[in-house]
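Working through the structure, step by step
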Amino acid sequence: MTAPVFLVDEVAPGTVVLDGPEGRHAVSVRRLNPGEPVVLTDGAGNGAFGTVTSVEGKDTLYVAVDEVREEPAPRPRITVVQALPKGDRGELAVETMTETGVDAIVPWAASRCVTRWKGERGLKSLGKWRATAREAGKQSRRLRFPEVAEVHSTRQVAALLAGAGLAAVLHEEGSAPLARAELPAEGSIVLVVGPEGGVSPEELAAFGEAGAGAYRLGPSVLRTSTAGTAGAALLLGRSGRWG
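Cut-off values and rules
- Residues numbered from 1 in each chain as written.
- Predicted model: local features only at pLDDT ≥ 70, side-chain atom pairs only at ≥ 80, totals over all residues.
- Heavy atoms only, no water.
- UniProt positions renumbered as here; feature names shortened; annotations may be inferred.
- Core = buried A, V, L, I, M, F, W, Y, C linked by side-chain atoms within 4.5 Å.
- Buried < 20%, exposed > 50% of the residue type's maximum accessible area, 1.4 Å probe, protein only.
- Helix = DSSP H or I, 4+ residues; strand = E, 2+ residues; numbered from the N terminus.
- Domains from an automatic or database assignment.
- Contact = heavy atoms within 4.5 Å.
- Buried area = accessible area lost by both parts, 1.4 Å probe.
- Salt bridge = Lys/Arg side-chain N within 4 Å of Asp/Glu carboxyl O.
- Arc of directions from axis to C-beta.

An unreviewed UniProt entry annotates the chain as Ribosomal RNA small subunit methyltransferase E of Streptomyces gougerotii. Its UniProt record, at the heading Catalytic activity (unreviewed entry), says of the chain: "uridine(1498) in 16S rRNA + S-adenosyl-L-methionine = N(3)-methyluridine(1498) in 16S rRNA + S-adenosyl-L-homocysteine + H(+)". Quoted verbatim from the Subcellular location (unreviewed entry) field of UniProt, the annotation for the chain is "Cytoplasm".

Structure below.
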């Protein structure tokens, strides 16, 4: 089994003290002991690989760092625009997309979304998405966690699509399969996942004007909480990032 990953503010050589919530998790939940390997990361691509040297109390351990490594940003960059699902299915989508390897997640307030992020509720929901991405990043042993943006309007999503090397909207009536889309070697891929009620004709037209094409994944229709993960996995495999 690979070494567990813990989040730190800064990655540095030498002896590092891991305390606070991360230290408590390492000591009281994972029950790490001296001699066991660990990885410390800032979630931005920097990792410190080392060994536990000692443990204090219930929330502090010391790590002797053997190697500091910077993981380059992957290319092409994959962003998934995720329409807001109902209930906790948003966190499920964020969790599985993070584990799969998505680089950025953009919440989208589509016209047919039942869920609305407004005021304190919106801030709380965004916080849950970001916490989910952080925890899933550690669980999947990533050094670079996905960015979770502020909620976007349709106009903001269109602007994002306009700057992409490949702009794709998943749509059950898409004329082309995503499996055959021409992928950029560099730059970014932006994949839009609509809500359970689908992308409206007006939204599809706005995205089309921004240069996005409508693509289908396969013969079956996936739920909004799983379509982004399936689409991202296909793109990761085809782009060589899973090679």
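Attention now moves to the nonpolar core. Counting 44 residues, the largest nonpolar core has W108, L161, L178, V192 and F207 as its most contacted members. Elements with a contribution of two residues or more to this core: β6 (77–83), α2 (89–100), β7 (104–108), α3 (119–139), α4 (154–162), β9 (166–170), β11 (188–193) and α6 (224–239). Ranked by size, the runner-up nonpolar core spans 15 residues in total, among them V8, L40, V52 and V63.

Let us now look at the domain arrangement of the chain. For the chain, the assigned domains read domain 1 (3–68) and domain 2 (75–237). The C-alpha centroid of domain 2 is placed 32 Å from the C-alpha centroid of domain 1. With 15 residues of domain 1 at the interface, the matching set in domain 2 holds seven residues. Both faces combined, the contact of domain 1 with domain 2 buries some 820 Å², and carbon together with sulfur accounts for 59% of it.

So, about the pattern of salt bridges. Taken as a whole, this structure holds nine salt bridges when the rule is applied. The partner of D59 in a salt bridge is R24, and the shortest N-O contact between them spans 3.8 Å. In this pair, D59 sits in the loop between β4 (46–56) and β5 (60–70) while R24 sits in helix α1 (residues 20–29), placing the two residues 35 residues apart along the sequence. Under the relative-accessibility criterion, D59 is labelled partly exposed at 27%. Residue classification places R24 among the partly exposed residues on the basis of a relative accessible area of 43%.

Along α4, the positions that sit buried rather than exposed are T154, V157, A158 and L161. Axial view of α4: buried residues confined to an arc of 100 degrees, hence all on one face. Exposed residues on α4 whose side chains face more than 90 degrees from its buried face are R155, A159 and A162. Looking at the buried positions of α4, the neighbouring elements they touch are β6, β7, β9, β11 and α5 (201–209).

A few words now on unusual backbone geometry. The omega torsion of the bond from R75 to P76 falls at -5 degrees, within 30 degrees of zero and hence cis. By the element assignment, P76 lies in the loop between β5 and β6. Unusually for a residue other than glycine, R31 sits at a positive phi of about 55 degrees. On the secondary structure map, R31 appears in the loop between α1 and β3 (37–41). Despite not being glycine, R141 has its phi angle at roughly 65 degrees, a positive value. Structurally, the position occupied by R141 is in the loop between α3 and β8 (147–148).

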